[in-house]
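Listed below, chain by chain, are the residues.
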Amino acid sequence: MKFFWFCLTLLTVSTWQLPAWAGQLIFWEFNEQRRELQFRTNSSVQPEAQLIPDPSRLVIDLPGTTLARPLLNRSYGGKIRTVRLGQFTPNTARLVIELEPGYTLDPNGIKFEGRSPNDWSVTLPEPQPITTDNQTSQRLTEEQIGAATGQAEDSFLDDRFQVTRGGFYLNLDQVSDGKIASERDGDRLEFTLKDLQLPQELRGKTLNVNRYRVNQIAFEQVRNNEAKISLQLADNSPEWRALYNSYGGGGLVFIPAGGTDNLEARDVSPTTVPDRVVQTSSSEELTTIESVDLANNGGLLIVRGNESIKASGGWNRNDGVYQIRIENAELAQPVRGPQLETNSPVSRISMRQETNTSVLIQIEPALGVQVGDLTQPSDRLIALELNRLRDFNNSQGNNSVFVPPAQNTDPPRTFNPPQSNIVVMIDPGHGGRDSGAVGIGGLQEKNVILPISQEVAQILQQNGIGVRMTRDTDYFVSLAGRTQLANNANADLFVSIHANAISLSRPDVNGFEVYYFQSGRQLAQSIHRNVMSQIRMRDRGVKTARFYVLRHTAMPSALVEVGFVTGREDAANLSNPAFRSRMAKAIADGILEYIQTNVR
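Structural notes, computed from the coordinates. (Residues numbered from 1 in each chain as written. Predicted model: local features only at pLDDT ≥ 70, side-chain atom pairs only at ≥ 80, totals over all residues. Heavy atoms only, no water.)

### Looking at helix α2 (residues 445-462)
Between its terminal C-alpha atoms α2 stretches 26 Å, which fits the 26 Å expected from 18 residues at 1.5 Å a residue. A large share of α2 lies buried, amounting to 13 of its 18 residues. One or two residues past the end of α2 sits G464, with phi positive at roughly 85°. (Helix = DSSP H or I, 4+ residues; strand = E, 2+ residues; numbered from the N terminus. Expected span 1.5 Å × (residues − 1). Buried < 20%, exposed > 50% of the residue type's maximum accessible area, 1.4 Å probe, protein only.)

This is the structure in structure tokens:
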């Protein structure tokens with residue numbers, strides 16, 4: 001049965017808090033060549049997915065899941081622009097794959113695979129250009145928006161630059177604390193921003209602003225770590241300040257000295273973006289937000305209050321939602337939300353009491369729907385335009401992406417460590433100048449085992465185990481240094497992770513094996529047993545060896561060989577992030593099993 005998103009209006013009346021019972025996202029990785037996303041949670045999850053436009057992006061929600069640790073956005077070249085992660089609601093983690101502007105995906109070509117309830121992969125089809133008709137339709141919509149606000153067509157660049165009641169806001173999709181220097185020469189004011197990379201579509205652009213006695217604004221990436229933003233000023237323009245701001249994923253706020261009240265504020269669209277510098281007084285009586293409704297055959301989203309409303313709007317690109325923030329307001333109890341049908345122009349709406357005096361409304365448009373102007377028809381109403389793009393490339397007529405249930409519906413395995421102060425030392429072999437073995441296609445051992453080791457550490461930590469690593473990035477550590485780290489930390493266990501190799505003329509040699517010396521036998525057997533039960537590969541058994549790291553560690557130790565980088569079968573597997581992730585889980589399960597039965 002085809003999966004469709006539940007149309008749900010989320011209503012919360014207090015600040016978000018993460019529930020203690022939620023599972024966690026502990027690993028994700030995107031392979032650009034295969035267009036494959038891998039992710040793993042520490043409890044069962046059934047992903048929900050949809051494709052939304054402007055720009056096209058695949059949004060994957062993981063209900064009942066929170067973030068184990070902060071993860072940075074990852075940028076890519078080509079047709080896939082970024083993959084990013086955010087906490088969309090208190091118990092829903094969100095993965096977003098965003099395409100370059102002008103491209104989209106066939107929803108029927110997006111394939112989800114749940115190898116287990118907590119181990120998922122998503123394979124994307126080749127991104128396709130949006131047809132000429134669609135591009136023309138989008139430009140017409142932008143012209144209409146420009147006409148409605150009385151601005152030239154190039155006054156806005158995508159959703160990056162916005163005129164606000166307080167000045168200007170530039171969305172950069174990044175939070176920066178770099179230095180900002182300014183210099184004025186006649187009618188030209190130039191800001192130099194250190195440690196900043198402008199978004200690609202801004203570089204070399206000049207926008208006609210014609211607001212607040214600023215004629216134009218120009219953007220230049222001078223060098224890799226320095227950008228310049230120049231304001232061409234009209235006569236009698238005041239001094240301007242530029243301040244970094246965390247709103248909407250991060251950007252710049254431009255504020256004129258003395259405010260905007262006497263700078264043609266009457267010509268500015270009611271759409272505003274809040275900054276953290278100009279504060280709204282909280283002494284005013286709070287307006288009650290009574291309802292949010294769809295009107296004009298789905299062309300408008302109407303927010304209604306019982307008294308005067310002051311609102312601001314803008315894109316939160318990290319979460320892929322349009323946000324309306326209403327100051328000096330509170331939600332009615334209960335507040336009435338719209339009924340979202342299958343063909344609704346809105347996929348999801350959430351409303352919450354962000355602070356004691358502000359309400360936040362987040363809108364996720366449906367596929368083929370472009371968010372237009374935020375206007376104020378009356379002092380008690382706010383209207384957000386929702387424009388459907390003609391002939392948008394969506395053959396199914398909806399934005400849902402089918403997500404089948406996981407193959408294994410058994411509950412995930414859980415462990416209850418017998419003590420809370422257990423420490424495991426994970427040792428990714430080689431590193432830095434020492435690449436380790438080099439196999440088929442130049443596959444390097446150090447690049448195979450580091451992601452496996454990192455995920456083993458994450459899984460152990462999620463199960464209450466203290467973890468230390470001899471290295472957590474690509475640098476060199478001597479053999480003596482590795483054993484000293486383990487002994488000085490009084491670790492309970494030591495597990496060294498490697499990849500095997502033999503002559504490139506022997507691609508027939510493949511398989512998994514574990515080594516131990518003296519006290520590490522049961523640990524090695526537990527890891528071997530779990531890997532062989534979870535992964536189909538050749539079994540080379542459990543063996544004894546006098547490796548340095550096994551002989552010079554004071555605790556039970558094992559050395560794992562995850563496969564041969566020179567092996568025809570193993571090299572292909574070890575190049576695959578999905579295989580490495582399964583290997584990491586199996587190794588971690590073996591360590592946890594040993595702790596469960598042997599560590600007291």
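### A word on the packing of aromatic side chains
For the structure shown, the criterion picks out three aromatic pairs. Ring plane angle 65° and centroid distance 5.7 Å describe the contact between F191 and F254, whose orientation is recorded as edge-to-face. Of this pair, F191 sits in strand β17 (residues 188-194) while F254 is found in strand β22 (residues 251-256), placing the two residues 63 residues apart along the sequence. Assigned by exposure class, F191 and F254 land together as buried. When the centroid spacing of 5.1 Å and the interplanar angle of 80° are considered together, the rings of Y515 and F547 count as edge-to-face. Highlighted residues: Y515 in strand β35 (residues 512-516) and F547 in the loop between β36 (539-544) and α5 (548-551), separated in sequence by 32 residues. When its relative accessible area of 13% is taken as the criterion, Y515 is described as buried. Residue F547 is classed as partly exposed on the basis of its relative accessible area, which comes to 32%. The lysine or arginine in question, R433, covers the ring of F476, its NZ or CZ lying 3.9 Å from the ring centre. (Phe/Tyr/Trp six-rings, centres within 6.5 Å; stacked < 30°, edge-to-face > 60°. Lys NZ or Arg CZ within 6 Å of the ring centre and 35° of its normal.)

### Digging into the pattern of salt bridges
Here the structure, examined in full by the defined rule, presents 28 salt bridges. Residues R380 and E307 are paired through a salt bridge, measuring 3.7 Å at the closest nitrogen-oxygen approach. Here E307 lies in the loop between β24 (300-305) and β25 (310-316) and R380 lies in the loop between β30 (369-378) and β31 (381-388), a separation of 73 residues in the sequence. Through salt bridges with shared partners, a single network forms among R188, E190, K194, R223, E226 and K228. (Salt bridge = Lys/Arg side-chain N within 4 Å of Asp/Glu carboxyl O.)

### Examining the side chain of S526
Within the element layout of this structure, S526 appears in helix α4 (residues 521-534). A relative accessible area of 2% places S526 in the buried class. Among the polar contacts listed, one links the side chain of S526 to the backbone oxygen of G590, at a separation of 2.6 Å. A distance of 3.1 Å separates polar atoms of two side chains, one belonging to S526 and the other to E593. Leaving out residues up to four positions away in the same chain, S526 has contacts with G590, E593 and Y594. (Polar contact = N/O pair within 3.5 Å; in protein donor to acceptor, adjacent residues only side chain to side chain. Contact = heavy atoms within 4.5 Å.)

### Some points on the sheet that holds strand β5 (residues 57-63)
As summarised here, the arrangement of the five strands in space is β4-β5-β9-β8-β7, forming an open sheet in which the pairing is antiparallel. Sheet topology places β4 (48-52) and β7 (74-75) at the edges, where each strand pairs with a single neighbour. Judged from the eight bridges that link them, strand β8 (residues 80-89) and strand β9 (residues 92-99) form a sheet pairing that is antiparallel. Residue pairing in the sheet places T89 in a bridge with T92 of β9. (Pairing = 2+ DSSP bridges.)

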